[in-house]
Amino acid sequence: MLERYPNLNALCDDKSKAALEMVGRNDVFSFLEEYVSLCRPKSVFVRTDSKEDAEYIRKKALGLGEEKALKIEGHTVHFDGIKDQARDKANTKFLVGPRMKLGSSLNTVDKQEGLKEVKSYLDGAMEGKDAYVLFMGLGPVGSAFSLYAVQITDSAYVAHSEDILYRPAFEAFIKARPESFFRFVHSAGELDERMNSKNIDKRRIYIDLEDEIVFSVNTQYAGNTVGLKKLALRLAIARANREGWLAEHMFLMAVHDKDGNKAYLTGAYPSACGKTSTCMVEGERIVGDDISYLRNIGGVVRAVNVERGIFGIIRDVNPKDDPLIWKVLTSKGEVIFSNVLVCNGVPYWQGDGRDVPEKGENFSGQWFKGKKDAAGKEIPYAHPNARYTIRLSALENCDHDALEASEGVEVSGIVYGGRDSDTWVPVFQSFDWAHGVVTIGASLESETTAATLGQVGVRKFNPMANLDFLSIPIGRYVYNHLKFAEELEKIPLIFGVNYFQKDEDGSYLTGMHDKRVWLKWIVGRIRGYFKAFETPIGLFPYYEDLKALFEAVLGRTYSKEDYIKQFSLKVRNNIAKIERIERLYSDPEAQTPDIVFEIFREQKRRLEALLKEKGEVVSPLEFI
Ligand code: SPV
Ligand code: MN
C-alpha cells in the first residue's frame, strides 16, 4: 500500500515502513505524503508506542543539541530562541473560507491566502533534518472521550515533549479506527548555530478547522508547536461545538470533603492566575492542570484530563511553596527544563529561593550578570516564562485512578479564577448554572502575564480562560455552555475565586495558602453542609464557616476584620465590570444569545439598587 506514496516510502526505513503498513490508512498516508513532499526531510521516523521508540527520540534531542543533559539523571534543558519565548497570538490565525464567520474577536486569515503563505514557509523547511511521525491520543485512549492525532515534526524536542505530556496511541489508533483525526504539521524551519528557529519574522501558526489540521512553522516554543496542547484545543472546541460537549482550558482535581471523600472540580484560570497552584494544593489530589474535556454521560458531567503531563511555569517554584513539584524537579526522572539558567549542569530559575549564579547558559546564549539585549535592556538570568515538562505520574499527589479512568470522573463543581485587585471577592457561588456561566465564567478577567507576548500587567477579558483558543464565535461558545446543562440531571455548582484582591496600600488581601480554605468551602457547598447568603453578584460564605475552616485547614485564626475587608462588595466596580463585558458580546457576529444580556441586565439592576441604598462598598454583614 505504501508504494503508492513514493516520497513517504522512500524516506522511511524498514521499521517505519512496517509501522505504517500496520496503520494501513490512505488518509494517513496521503496526509504524510503531501507534507513530506513539501517539507522534504532527509528521513521519516514513525514512532510506535514502544519504549525503544520513545528512547530513540529522547536520544535524538540530545544528539542534535535540541536538549542538553543536566547533572541529575533524566533531566535535560531546552532553549527556545530569544524571540520565541511564548505563544505568538498575533501570528496564530484561523484559515477561513468564504462561508465561515467567526466574529471580530478571533484572528483570521483568508484560507487560500493563508495556506499559500504557510506552505511557502514549509517548502523545504525540513531539509537536512529527520522528521518524526507521532500517533497520539487526547484523553485516556480507547474511551468515549478519546480523540486521536497524527503529528509530523522536525523537532526531536517537540516529539519528546509530546511523549511526556500525552498518551502514545499508535496501537489505539489502529484499534479504534477513528473516522477522523487531528493533523499537525510542525517545522522549526531553518536553525541557527544554537539550534533555534532563525526566521522568527516568518513564524506562523495557522489553523484549518474544516480539515482539522494545524500548521506551525519557524517556532519551537511548546505552546506554538506541541500539537496536542493548544493547537488541538482549538480544533477540539470546534469539534465539541458540533457534537455538544465542552473542550475547556481547565484543571481537574479532587478535593476531600470532611469525611475524606473526593469531590472533583474543574477550574479555568487564565495563565499565571493560580491555576496550577490551586490543583496542586496540599492535602488534595491533582488529575490535570491545563485541559479537560467535559461530557454529559448518563445525565451527569464527567471529565477527563486530556494530557498526562504538565508543561508548567517554573518561576516561583520553590521548596516551601511547591514541595511536591520541587521534589520532582530535583529527583531522578524525566524532566525537560526550558529557558532556565544552567550553571555547571544545574538549572536555576526566578523565585527558586537560591543564590543567582554569576554566569551560565540561558535563552540568550552564554549569560553573565548585566548582559544586555540588542535594545540595551538587561537580560534576566532565566526567562519569566521558563517552564518544566514532567509526567503527572511523577507527582506524589497525582490521582492516578482518575487520570486513567476511561469513563472520566464526575464533576461536582466548576471554579473560575479571575485576577483583579478591586472587583471580585475571594470566593463566591453563582445562583445557578446560567448565572454562573454568564456572570462568572463568561466575565472572567485577568492581568496579562509573561506566558503570552506583549505588555505585562494589563487587565484583559478572558471568558472561561479560553479566549486565546476559541475557534467559534464567542457568544456561540457561551451558548454551548448554557445548552450543555439543559439535558443534565445533576448540574455542577459554579464558583468564582480571586486570589489577587489588594488593599489600598497595594498589598494582597489574602494569603498564598488561603485557596485551600476557599476549596474546602466550595466542597462544603457541594455537599450541602455550609449555608451561604445572597448578594447581587451571588452567594457569599458566612464568617463562622470560614473561621472554622481557617482553623482546621491552616491552623490560623481568621479575624472578622479580614473577612469584612475581603468580602465587602465593591458595588460600583462590579457595575463597571458588567458594562465592560456586555460590550464585548454585542458584536452581531459573536452570536450571543439574548439570555446573556438579560442576565447582565438583572445583575446590574440588583447592583444599582444596592448602590442607591447602601453606597459604593457594602460590608458582608449588611446582607445577613
Ligand atoms: C498557557 O499559557 O495557558 C499554558 C502554556 O498552559 S502554553 O503551552 O503556552 O499554552
Ligand atoms: Mn494553559
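Refer to the structure presented above.
Rules used in this analysis
- Residues numbered from 1 in each chain as written.
- Chains lettered and ligands numbered in written order.
- Predicted model: local features only at pLDDT ≥ 70, side-chain atom pairs only at ≥ 80, totals over all residues.
- Heavy atoms only, no water.
- Core = buried A, V, L, I, M, F, W, Y, C linked by side-chain atoms within 4.5 Å.
- Buried < 20%, exposed > 50% of the residue type's maximum accessible area, 1.4 Å probe, protein only.
- Contact = heavy atoms within 4.5 Å.
- Helix = DSSP H or I, 4+ residues; strand = E, 2+ residues; numbered from the N terminus.
- Polar contact = N/O pair within 3.5 Å; in protein donor to acceptor, adjacent residues only side chain to side chain.
- Near = heavy atom within 4 Å.
- Areas by Shrake-Rupley, 256 points an atom, 1.4 Å probe, with all protein chains shown as cover.
- Nonpolar A, V, L, I, M, F, W, Y, C, P; charged D, E, K, R; others polar.
- Disulfide = S-S within 2.5 Å.
- Salt bridge = Lys/Arg side-chain N within 4 Å of Asp/Glu carboxyl O.
- Pairing = 2+ DSSP bridges.
- Donors = N, O, S within 2.8 Å, 3.2 Å for Na, K, Ca; no water.

*Asks:* Please clarify how the nonpolar core should be interpreted in this entry.
*Replies:* Ranked by internal contacts, the top residues of the largest apolar core, which has 166 residues, are Tyr293, Leu329 and Leu395. Once you skip the residues sitting within four places of it in the chain, Leu329 turns out to touch His75, Ile314, Val317, Val335, Phe337, Trp349, Tyr388 and Ile390. In terms of nonpolar packing, the next biggest core, distinct from the first, is built from 40 residues, Leu2, Val46, Leu95 and Phe170 among them.

*Asks:* Mind showing me how you'd approach the side chain of Ser216 here?
*Replies:* Position of Ser216 among the secondary structure elements: in strand β11 (residues 213–217). There is a polar contact of 2.8 Å between the side chain of Ser216 and the backbone oxygen of Asn224. Residues in contact with Ser216, not counting those within four places in the same chain, are Leu122, Val185, His186, Ser187, Arg204, Ile205, Asn224, Thr225 and Leu231.

*Asks:* I would appreciate a short explanation of the site of ligand 1 in the present structure.
*Replies:* As a structural note, the neighbourhood of ligand 1 is formed by 11 residues, with Arg87, Tyr221, Lys230, His249 and Ser271 the closest of them. In this structure, Ser271 approaches ligand 1 through a side-chain N or O atom, which is 2.8 Å from an oxygen atom. Asp290 places a side-chain nitrogen or oxygen 3.3 Å from an oxygen atom of ligand 1. Bound to the protein, ligand 1 loses 95% of the 280 Å² it would expose on its own. Partitioned by chemical class, the residues of the shell around ligand 1 number 3 nonpolar, 3 polar and 5 charged.

*Asks:* It is not clear to me how the state of the cysteines should be interpreted in this structure. Could you clarify?
*Replies:* One way to say it: the disulfide is the covalent bond shared by the sulfur atoms of two cysteines. Scanning the model with the defined rule gives 0 disulfides in all. Its sulfur unpaired, Cys39 is 14 Å from the next cysteine sulfur, which belongs to Cys12.

*Asks:* So what exactly am I meant to see when it comes to the pattern of salt bridges here?
*Replies:* Taken as a whole and assessed by the stated rule, the structure comprises 51 salt bridges. A salt bridge links Lys229 to Glu307; its shortest N-O distance comes to 2.7 Å. With Lys229 in helix α9 (residues 227–243) and Glu307 in the loop between β17 (300–305) and β18 (309–313), this residue pair connects regions lying 78 residues apart in the sequence. There is no split in this pair, since Lys229 and Glu307 are both buried. Residue Glu282 pairs with Arg516 through a salt bridge whose shortest N-O separation is 3.6 Å. Separated by 234 residues along the polypeptide, Glu282 in the loop between α10 (275–279) and β15 (285–288) and Arg516 in helix α15 (residues 515–527) bring together distant segments of the chain. Given the relative accessible area of 56%, Glu282 is considered exposed. Overall, Arg516 belongs to the buried group, its relative accessible area being 16%.

*Asks:* Which parts of the structure should I look at to understand unusual backbone geometry?
*Replies:* Glycine aside, the phi torsion of most residues is negative, and most peptide linkages are trans. Of note, the phi angle at Met195 is positive, near 70 degrees, even though the residue is not glycine. As for its placement among the helices and strands, Met195 is situated in the loop between β9 (182–187) and β10 (204–208). Residue classification places Met195 among the partly exposed positions, given a relative accessible area of 21%. You will see that Asn218, though not glycine, has its phi angle at about 65 degrees, which is positive. By relative accessible area, which is 3% here, Asn218 ends up buried.

*Asks:* Please explain the pairing of β11 as it appears in this structure.
*Replies:* Within a regular strand, the side chains alternate between the two sheet faces. Extensive coverage of β11 is indicated by the burial of 5 of its 5 residues. Side-chain alternation along β11 places Ile213, Phe215 and Val217 on one buried face and Val214 and Ser216 on a second face that is also buried. As paired strands, β9 and β11 are joined by 5 bridges and run parallel to one another. Counterpart to Val185 in the pairing with β11 is Phe215.

*Asks:* Would you mind showing me how to read the coordination of the manganese ion (ligand 2) here?
*Replies:* Under ideal tetrahedral coordination, the four donors around a metal are separated by 109.5 degrees; under ideal octahedral coordination, the six donors are separated by 90 or 180 degrees. Surrounding the manganese ion (ligand 2) are the protein donor atoms Lys230 (NZ), His249 (NE2) and Asp290 (OD), which sit 2.2 to 2.3 Å from the metal. Each donor residue of the manganese ion (ligand 2) belongs to the same chain, and together they define the spacing K-x18-H-x40-D. Taken together, the residues span a long stretch of sequence, with Lys230 in helix α9 and His249 in the loop between β12 (246–248) and β13 (251–256) at a distance of 19 residues. A relative accessible area of 6% places Lys230 in the buried class. Here His249 falls in the buried class, since its relative accessible area comes to 3%.

*Asks:* Explain the environment of Met100 here, please?
*Replies:* The residue Met100 is located in the loop between β4 (92–96) and β5 (108–110) in this model. Each C-alpha atom of the pair Met100 and Gly312 lies 34 Å from the other, and the pair is 212 residues apart in sequence. Setting aside chain neighbours within four positions, we find Met100 in contact with Leu95, Leu209 and Glu210.

*Asks:* Explain the sheet that holds strand β2 (residues 68–69) here, please?
*Replies:* Strand order in the open sheet formed by 5 strands is β2-β3-β19-β24-β18, and the pairing between neighbours is mixed. Here the strands that pair on one side only, and so sit at the sheet edges, are β2 and β18. Sheet analysis places strand β3 (residues 75–78) next to strand β19 (residues 335–338), joined by 4 bridges and oriented parallel. By the bridge assignment, His75 is partnered in β19 with Val335.

*Asks:* How do you make sense of the side chain of Glu284 when you look at a structure like this?
*Replies:* You can see Glu284 is positioned in the loop between α10 and β15. In terms of polar contacts, Glu284 uses its side chain to reach the backbone amide nitrogen of His256, at 2.8 Å. Setting aside residues up to four positions removed in sequence, Glu284 forms contacts with Met253, Ala254, Val255, His256, Asn397 and Lys520.

These results come straight from atomic positions and should not be treated as a statement about function.
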